[in-house]
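The primary structure of each chain is shown beneath.
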Amino acid sequence: MTKELWDACDKEGTPLGFDLVRGEPVPEGVYHLVAEVLSVTNDGRVLLTKRHPDKAWGGYWEYTAGGVVKGETPVQGALRELREETGIAASPQDLRPVYVDARPGIDGLNTIYHSFVTFFDPAEQTVRLQEGETTACRLLPYEDFKRFLLTDECVEPVRRRFLDHQAAFDHLIAEHFT
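Predicted, not measured: the structure shown is a model, and the values here were computed from it. (Residues numbered from 1 in each chain as written. Predicted model: local features only at pLDDT ≥ 70, side-chain atom pairs only at ≥ 80, totals over all residues. Heavy atoms only, no water.)

Peer 1: So what exactly am I meant to see when it comes to the environment of Gly29 here?
Peer 2: Residue position: Gly29 is located in the loop between β2 (15-21) and β3 (32-41). Classification of Gly29 by relative accessible area gives partly exposed; the value is 42%. In this structure, the C-alpha to C-alpha distance between Gly29 and Ala8, residues 21 residues apart in sequence, is 10.0 Å. Residues within four places of Gly29 in sequence aside, it is in contact with Cys9 and Asn110. (Helix = DSSP H or I, 4+ residues; strand = E, 2+ residues; numbered from the N terminus. Buried < 20%, exposed > 50% of the residue type's maximum accessible area, 1.4 Å probe, protein only. Contact = heavy atoms within 4.5 Å.)

Structure follows, in structure tokens:
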């Protein structure tokens, strides 16, 4: 099996010139990049996926996210993760940046999150789950999604990041539909 490599970065996201290997210890003060995408249908429903039971936070719900691999930009990583985990194809101009935030990730590693919103037409794109990553999906109206996110069924670090930046998400989504 091929090891997943990440670019080692400082807290500002500047590459440090060496690689990190997923699953191996990360030096103190070193960060890796994660891209996350809140996918919203053209009628205002949010796509959630359920994590595979063998993964950290297995059986919990989240929106698309994953490590940015060596040599990728956060936008490239977001597009790849979106395609791999959901089957949704988007282009760079379809991604609307929401925030960049450095904090511990799901795995406890120092992580710099690059968050995006994208809009898609479910009549044109069929959601396909990635084997070994996701086991189910659901589409919830945005207001229902925000209530569901507060339940114990959701990945807690995802909930915290969303709530910390909810005003930015609310603004982008409202702007799209006005």
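So much for the structure itself; the text now carries on.
Peer 1: It is not clear to me how helix α4 (residues 166-176) should be interpreted in this structure. Could you clarify?
Peer 2: Note that an α-helix has 3.6 residues per turn; residues three or four places apart therefore point the same way. Burial in α4 covers these residues: Phe169, Leu172 and Ile173. The arc that holds the buried residues of α4, viewed along the axis, is 95°, so those residues lie on one side. Against the buried residues of α4 lie β3, β7 (96-104), β8 (110-120), α2 (142-148) and α3 (156-164). (Arc of directions from axis to C-beta.)

Peer 1: I would appreciate a short explanation of helix α1 (residues 74-86) in the present structure.
Peer 2: Between its first and last C-alpha, α1 extends 18 Å over 13 residues, near the 18 Å set by a 1.5 Å rise per residue. Considered for burial, the residues of α1 that qualify are Pro74, Gly77, Ala78, Leu79, Arg80, Glu81, Leu82, Glu85 and Thr86. Structurally, α1 contributes buried residues whose contacts are with β3, β4 (45-51), β6 (64-67), β8 and β9 (134-141). Once α1 finishes, Gly87 follows within two positions and takes phi at roughly 80°, a positive value. (Expected span 1.5 Å × (residues − 1).)

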